[in-house]
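Close look at the chain arrangement
Chain residues, written in single-letter form:
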Amino acid sequence: MKRQYPELAELSTESADTLVKIQLVFQQDLDALKPLLNTDLSHISHFASPTGDIQIERIERLKESRFILHYQMGWQINYSCADQTASGQIKEKLHFILEPDGTIIFKPLKLEA
């Protein structure tokens, strides 16, 4: 998935300010990013579903224009037939590349079934 962020164009990928700027832009665009950030929760339970509560924790630079978005998301399980519920938070990561024109190329992990 690609998203264009003109405000990130021509940023120095070596600057600590860049990490803050990217995080701010992602927080402002969080509603649009939620479908990408809502990951498979089947390792918790096949009945687990995201709550929509996503918090961006930090951006980490790997090298050059490659970064990792660290975030956490809420999940819930509702066993209505057994009158039981469960919920929690899970920490996730998403790799991405920042192109010079401000395009972000997200690299979600794809697991084969």
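Note that this is a predicted model, so its numbers are computed, not measured.

**Points about the pattern of salt bridges**
If you walk through the whole model with that rule in mind, you get 4 salt bridges. A salt bridge links Arg 3 to Asp 29, with the nearest nitrogen and oxygen atoms 2.9 Å apart. Residue Arg 3 is located in strand E1 (residues 2–4), and its partner Asp 29 is located in the loop between helix H1 (16–28) and helix H2 (30–37); the two are separated by 26 residues in the primary sequence. Of the residues examined, Arg 3 reaches a relative accessible area of 26% and is grouped as partly exposed. On the basis of relative accessibility, which here comes to 16%, the residue Asp 29 falls in the buried class.

**Description of H1**
The first and last C-alpha atoms of H1 sit 19 Å apart over 13 residues, in line with the 18 Å expected at 1.5 Å per residue. Regarding H1, the residues found buried are Thr 18, Leu 19, Ile 22, Gln 23, Val 25 and Phe 26. The buried residues of H1 all sit within an arc of 165° when viewed along its axis, so they share a single face. Across H1 from its buried face, at more than 90 degrees, point the exposed residues Ala 16, Asp 17, Val 20 and Gln 28. Buried positions along H1 lie against H2, strand E2 (49–63), strand E3 (66–79), strand E4 (84–98) and strand E5 (103–107). For H1, the N-terminal capping position is held by Ser 15, with its side-chain oxygen 3.1 Å away from the main-chain nitrogen of Asp 17.

Analysis parameters
Residues numbered from 1 in each chain as written. Predicted model: local features only at pLDDT ≥ 70, side-chain atom pairs only at ≥ 80, totals over all residues. Heavy atoms only, no water. Salt bridge = Lys/Arg side-chain N within 4 Å of Asp/Glu carboxyl O. Helix = DSSP H or I, 4+ residues; strand = E, 2+ residues; numbered from the N terminus. Buried < 20%, exposed > 50% of the residue type's maximum accessible area, 1.4 Å probe, protein only. Expected span 1.5 Å × (residues − 1). Arc of directions from axis to C-beta. Contact = heavy atoms within 4.5 Å. Polar contact = N/O pair within 3.5 Å; in protein donor to acceptor, adjacent residues only side chain to side chain.

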